[in-house]
Amino acid sequence: MLPDVIGGWMRPELLRYELAPFAERQDIEFVNEPVEAIDTGNKRIRTRGRDIPYEYAVLATGSETNFYGNSSLRESCLKLDNVDDALAINRTLTDRSGRMDEMNILVIGGGYTGIEIATNINYLLRAGSGKYKIHIVEKADDILKMLPEWIAGKVKKEMDNLGIEIITSDSLEEYDGEVAVLASGRKFSPASCIWTAGVKSGAYLEQTDLNKKRTRIVVENDLTPADHHGKDLFIAGDTASFTGRGKDNPIRMAVMFSMGQGKTAANNIIRSIQKRPLERYKVLDLGYLVPMAHGKAPGVVMRTRVWGLLGYMMHYYMCIYRSEPENMAGIAKDVIFKMLKRKIRRGNG
């Protein structure tokens, strides 16, 4: 729901969850320091402030925006990794639209996140007085290449209805915070750029000798690294490259897979301590949706095609269901308020 914070209607505090109080309640020591290296041979993890030995370890550090080594674009582009990033995008665009007569907004990347961000930016700015144009820039020859063509077709039609331009077979070459230049030579000024063109696992993993596919660690069916001898290290979530039985490509990065792998990793640590055979991680794929801020979401749920408001409400039902109990009511209230506000606006023409 981070794109919804950009849209300005979801309260950011509802999407935060502090680990320190949770860890204290569970009698767990919480070390709030970045990991700098992991020595799997000597079973030690080094953070910025300490060197921690382990008997068992789970690497589940999620993902972060991948700028593919382009430090210039890393410094100049906005990104979306957390709540603070979402607020930064909201503030930057709100401020710039209030000061400028006209603004180009480039969303770099035509995947799930790019589509969600573009439509939420449109939701944020459409009631203002400033002129703006949103462009989605995708390096491939089409958006949403990982999804069925019918989904991409519906999304493209909606982007056209919203006045959002889709630029394919092109990429961002230069951006200085004001002028954006694409590889094709096309220029935009003034421009604001949000980078959503890919993610990667934590940088510390690059220093390990574990087998990786792109930036994710290749794992066996029990979530141990594919080339690691021993049952003391497990990989879960976006950090894991898990293909499953008879598959060539790893499963996508998704919350439902992270939750299932976390449980399997925990169970396997207990089984390893007890000298019992490890269990296989079983993929439970409930489906996927591409929610757009104007109230439509194409996708597949339980192997059934869904579209429109039904898909949109399914998306938020799952968001509420997976939220922490103390935040569920607040998130539901914000979702209902948004839908009512949208209905009232439609009724007023």
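Residues numbered from 1 in each chain as written. Predicted model: local features only at pLDDT ≥ 70, side-chain atom pairs only at ≥ 80, totals over all residues. Heavy atoms only, no water.

### Notes on helix α5 (residues 112-125)
Spanning 14 residues, α5 covers 20 Å between terminal C-alpha atoms, matching the ideal 20 Å at 1.5 Å per step. Where burial is concerned, most of α5 is hidden: 11 out of the 14 residues are buried. Of the positions making up α5, those classed as buried are G114, I115, E116, I117, A118, T119, N120, I121, N122, Y123 and L125. (Helix = DSSP H or I, 4+ residues; strand = E, 2+ residues; numbered from the N terminus. Expected span 1.5 Å × (residues − 1). Buried < 20%, exposed > 50% of the residue type's maximum accessible area, 1.4 Å probe, protein only.)

### Quick notes on the sheet that holds strand β2 (residues 44-47)
As summarised here, the arrangement of the three strands in space is β1-β2-β3, forming an open sheet in which the pairing is antiparallel. This sheet does not close on itself; its edge strands, each paired only once, are β1 (35-39) and β3 (51-53). For this sheet the average axis-to-axis angle between neighbouring strands, irrespective of direction, equals 20 degrees. Where β1 lies against β2, four bridges are found, and the strand directions are antiparallel. Bridge assignment links V35 to a residue of β2, and that residue is T47. (Pairing = 2+ DSSP bridges. Axes fitted to C-alpha atoms, helices over the stretch in contact; angles between N-to-C directions.)

### Concerning a negative patch on the surface
Negative charge collects at one region of the surface, where D39, D209, E220 and D227 lie side by side. Mapped onto the elements of the fold, E220 is located in the loop between β15 (216-218) and β16 (233-235). (Patch = residues over 30% accessible without salt bridge, like charges linked within 9 Å, V, L, I, M, F, W, Y side chains within 5 Å. Areas by Shrake-Rupley, 256 points an atom, 1.4 Å probe, with all protein chains shown as cover. Salt bridge = Lys/Arg side-chain N within 4 Å of Asp/Glu carboxyl O. Lys, Arg positive; Asp, Glu negative; His and termini not counted. Charge placed at Lys NZ, Arg CZ, Asp CG, Glu CD.)

### Quick notes on the environment of G7
With respect to the helices and strands, G7 occurs in helix α1 (residues 2-7). Taking relative accessible area as the criterion, G7 reaches 6% and is therefore assigned buried. The spatial distance from the C-alpha of G7 to the C-alpha of L147 is 25 Å, given a sequence separation of 140 residues. Not counting residues up to four positions away in its chain, the partners in contact with G7 are N90, N120, Y123 and L124. (Contact = heavy atoms within 4.5 Å.)

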